[in-house]
Amino acid sequence: MGEVIQMHFTTVDYVIFALLLVASAGIGLFYAFTGGRQRTTQEFLMADRSMSCLPVSLSLLATFQSAVAILGAPSEVYTFGTQYWFLGCSYFLGLLIPAHVFIPVFYRLRLSSAYEYLELRFNKTVRICGTVTFIFQMIIYMGVVLYAPALALNAVTGFDLWGAVMAMGLVCTVYTALGGLKAVIWTDVFQTVVMFAGQLAVIVVGASQAGGMAEVWRKAVNGSRIASLDLNPDPLERHTFWTLGVGGVFLMLALYGVNQAQVQRYLSSRTEKQAIMSCYVVFPCQQIVLCLGCLMGLVMFARYGEDSPLDKGYVKANDQMVLYFVMDVFSDLPGLAGLFVACLFSGALSTISSAFNSLATVTMEDLIKPHFPDMTEAKATLLSKGLALVYGLVCLAMAYIASLMGSVLQAAFSIFGMVGGPLLGLFSLGMFFPWANSIGAVVGLATGLIMAFWIGIGSFVMRVSTATPAPPLFNATAPPLLNNMTTAVMTTLVSASTVKPRPTGVEALYSLSYMWYSAHNSATVVVVGLIVSLLTGPMKEKELTPGTVFPVLGMLLFFLPKRYKEKLCCVTPLSKKPKEINRQPYQMAKRDSNGAPYCKEDAVTEDKEMESDEAQQEDDRLKTRVVLPKCQLMAHTVQETAL
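Please read all numbers here as calculations on a predicted model, not as lab measurements.

Q: I would appreciate a short explanation of helix H1 (residues 11-32) in the present structure.
A: In an α-helix there are 3.6 residues to a turn, and that puts residues three or four apart on one side. Its 22 residues give H1 an end-to-end C-alpha distance of 31 Å, which sits within 8% of 32 Å, the value for a rise of 1.5 Å per residue. Among the residues of H1, Asp13, Phe17, Leu20, Leu21, Ser24, Ala25, Ile27, Gly28, Tyr31 and Ala32 are the ones counted as buried. Along the axis of H1, the buried positions cluster into a sector of 160°, meaning they face one direction only. Residues of H1 that are exposed and angled more than 90 degrees away from the buried face: Thr11, Leu19 and Val22. Buried residues belonging to H1 abut helix H8 (161-210) and helix H16 (336-368).

Shown next, in the form of structure tokens:
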């Protein structure tokens with residue numbers, strides 16, 4: 001066991017890190033004093049719904065490409081091999097379903113917050129439950145995602161811990177509070193470029209020092225780090241094709257389908273087509289990011305082989321290993337280590353800035369505006385900026401709390417995944433099952449959250465209790481939990497697979513692969529929600545707001561006679577006449593929300609009278625049809641919600 005080695009940055013490294021902060025703040029100030037100068041909530045929170053495909057797609061990529069992922073993926077590949085790469089298979093459905101199911105529904109309803117949908121579909125209680133759950137999820141996550149990489153950086157390089165945390169938190173708060181969503185999106189674009197540059201620099205220099213990519217590949221093959229297709233269907237196995245390729249789909253849907261941070265980017269797009277295209281553009285970018293992480297892990301293995309810095313005691317935890325490798329590779333190349341640190345904190349900046357903006361949006365749209373409908377536009381905008389500032393300060397406070405958490409830090413990371421699954425289940429319940437009612441939605445969400453925390457916390461406690469007395473299969477695989485994020489989990493998994501028999505009963509539930517958490521928890525919400533809805537009286541067709549139900553059941557059960565479909569509540573407006581009704585109700589919703597006082601989009605003021613006349617003609621035509629009650633209900637509900 002060697003002593004922990006601490007390396008140090010040069011002046012050039014600090015300069016590059018400072019340039020990242022200055023450039024990010026500069027982008028925020030630019031959008032604060034140009035264009036509309038963030039004078040309306042529509043511009044501050046929704047970027048005037050004027051963003052094009054490319055910046056939106058890169059922002060979608062950067063939002064959850066956090067510093068934790070940049071540190072975690074190479075360590076995962078170094079330790080376990082390239083099985084992790086099969087997560088890329090989940091990106092197909094994980095991005096196609098949001099593009100063609102969630103985006104059309106959200107975009108055509110012209111929402112500002114994803115949780116407005118829950119009120120349109122169910123009632124205000126469900127909306128508030130969803131909003132509070134999301135706020136809890138993001139507040140806990142954003143402090144940890146800022147503190148964890150700073151802690152790893154401090155342990156390896158001696159980089160001032162709280163100096164880094166304060167600098168990142170304050171700069172991010174300033175450009176988010178001043179520049180709004182436009183600043184967040186364009187800084188995400190800049191930070192994505194920095195992330196790519198930092199990772200590429202490490203791979204190129206590391207591979208050349210190891211003898212080229214052919215040599216890296218040869219060593220990886222000889223070291224059994226190139227994984228084959230593992231078709232083991234056991235859900236307790238940590239990584240197989242099924243856990244990554246199928247379980248990963250639900251994880252992607254929770255992130256890219258219903259998370260407010262991503263939905264807000266879709267809704268900021270200029271057109272629905274641009275929003276859909278952003279999902280298609282982010283797909284190859286996600287694959288590139290995944291490949292870069294895997295390649296960095298292989299280059300690490302080519303350099304160290306089985307004698308990892310963790311085994312030798314040079315570092316204390318897995319998440320510090322990548323930073324040690326970077327400092328080792330760039331020891332004779334001043335400036336490049338600073339580039340990777342800029343890459344690392346670009347991941348943190350993009351994640352927490354998205355959290356600030358999305359939290360300000362849901363707080364304003366879901367908790368404040370409904371209670372103060374007469375609030376002026378100027379006051380609403382000022383309050384939105386104040387909310388972004390307050391959430392920035394809360395993030396710094398959460399980073400301090402994270403420093404006191406110790407072994408609970410890993411559990412705090414898991415909370416983000418625990419809450420995402422039930423929220424996905426809540427939106428799926430409303431969007432795909434027309435007979436689900438508000439009581440079923442609330443009970444289903446509560447049950448899903450209880451199940452999620454039960455499994456998540458039980459799994460964490462079991463791993464911690466078994467990791468401490470575990471036999472030393474690897475040297476130094478039980479470091480102090482204070483500085484460890486993943487090693488205790490990895491030790492437990494290796495020891496369980498070689499020593500312990502297959503777990504049964506509750507232990508089997510606790511041993512469920514983390515990739516199945518989202519699927520399991522969302523399925524719990526849907527099943528419980530449907531059962532409670534059927535017991536308390538399912539919703540009828542005439543009670544639904546048109547445009548809030550995607551006709552997936554009508555498509556799947558097309559072969560049933562109409563009377564059976566009516567009994568199953570499958571004859572929704574969108575499925576009965578997809579061509580006609582798929583267009584008209586959404587046009588109504590779009591007109592009503594655009595004409596609502598809070599939007600005040602300058603681009604449509606000149607056409608307001610024309611749109612009003614068209615809306616009146618459309619109402620007259622709709623009144624002559626059989627679906628009169630549905631259309632009247634839809635127009636009234638959407639207009640009331642927009643107001």
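The discussion continues.
Q: Even after reading the chapter, I still don't get the packing of helix H5 (residues 90-108) against helix H12 (residues 260-267), so can you show me in this structure?
A: The description of two helices packed together rests on the angle between their axes and the distance between the axes. For the pair H5 and H12, interaxial distance at closest approach is 10 Å and the crossing angle is 70°. Between H5 and H12, the crossing angle belongs to the class labelled roughly perpendicular. Every residue of H12 that contacts H5 at Pro98, Ile103, Phe106 and Tyr107 is listed here: Val263, Tyr266 and Leu267. Per-class residue counts for the contact of H5 with H12 are seven nonpolar, no polar and no charged.

Q: What exactly am I supposed to notice about the pattern of salt bridges here?
A: For side chains of opposite charge, pairing can occur when their charged atoms come near one another. If you walk through the whole model with that rule in mind, you get nine salt bridges. Residues arginine 127 and aspartate 366 are paired through a salt bridge, measuring 2.7 Å at the closest nitrogen-oxygen approach. Remark: aspartate 366 occurs in helix H16 and arginine 127 occurs in helix H7 (residues 124-157); sequence separation between them is 239 residues. Neither residue differs from the other here; arginine 127 and aspartate 366 are each classed as buried. We note a salt bridge from arginine 218 to glutamate 215, for which the minimum N-O separation is 2.5 Å. Separated by three residues within a single helix, arginine 218 and glutamate 215 lie in helix H9 (residues 213-222), roughly one turn from each other. A residue is classified by how much of its surface remains accessible, and glutamate 215, at 23% relative accessible area, is partly exposed.

Q: For this particular structure, what's the right way to read the packing of H5 against helix H11 (residues 247-256)?
A: Running from N to C, H5 and H11 cross one another at 40°; their axes reach a closest spacing of 8 Å. By the criterion of interaxial angle, the relationship of H5 to H11 is oblique. Considering only the axes of H5 and H11, their crossing is right-handed. Counted together, Ser90, Tyr91, Leu93, Gly94, Leu95, Ile97, Pro98 and Phe102 of H5 and Gly248, Val249, Met252, Leu253 and Tyr256 of H11 form the full contact between these two elements. Per-class residue counts for the contact of H5 with H11 are ten nonpolar, three polar and no charged.

Q: How should the environment of leucine 21 be read in this particular structure?
A: Mapped onto the elements of the fold, leucine 21 is located in helix H1. The class of leucine 21 is buried, set by a relative accessible area of 12%. Considered as a pair, leucine 21 and alanine 167 are 146 residues apart in the sequence and their alpha carbons are 7.9 Å apart. With near-sequence residues (within four places) excluded, leucine 21 lies in contact with Ala167, Met168 and Val171.

Q: Please explain the confidence of the model for the protein chain as it appears in this structure.
A: Do not read the predicted coordinates in detail wherever pLDDT is low. Of the residues in the protein chain, 77% have a pLDDT of 70 or more, and the chain-wide mean is 77. Ranking the elements of the protein chain by mean pLDDT puts helix H26 (residues 578-581) last with 33 and helix H22 (residues 517-536) first with 93. Residue range residues 573-615 is modelled with pLDDT below 50. Its contacts to residues more than four positions away, or to other chains, number 70 contacts. Under a pLDDT of 50 for its full length, residues 620-643 has, in the predicted model, 36 contacts with residues more than four places off or in other chains.

Q: Quick question: what am I supposed to make of the nonpolar core here?
A: In summary, soluble globular proteins display a tendency toward joint burial of nonpolar side chains. With 170 residues, the main nonpolar core has Phe106, Tyr117, Phe325, Phe340, Phe345 and Met431 as its most contacted residues. When residues in this core are grouped by element, the largest group, 21 residues, is from H8.

What counts and what doesn't
Residues numbered from 1 in each chain as written. Predicted model: local features only at pLDDT ≥ 70, side-chain atom pairs only at ≥ 80, totals over all residues. Heavy atoms only, no water. Helix = DSSP H or I, 4+ residues; strand = E, 2+ residues; numbered from the N terminus. Expected span 1.5 Å × (residues − 1). Buried < 20%, exposed > 50% of the residue type's maximum accessible area, 1.4 Å probe, protein only. Arc of directions from axis to C-beta. Contact = heavy atoms within 4.5 Å. Axes fitted to C-alpha atoms, helices over the stretch in contact; angles between N-to-C directions. Parallel < 35°, antiparallel > 145°, perpendicular 65-115°, else oblique. Nonpolar A, V, L, I, M, F, W, Y, C, P; charged D, E, K, R; others polar. Salt bridge = Lys/Arg side-chain N within 4 Å of Asp/Glu carboxyl O. Left-handed = near helix turned anticlockwise from the far one by under 90°. pLDDT = per-residue confidence, 0-100. Core = buried A, V, L, I, M, F, W, Y, C linked by side-chain atoms within 4.5 Å.

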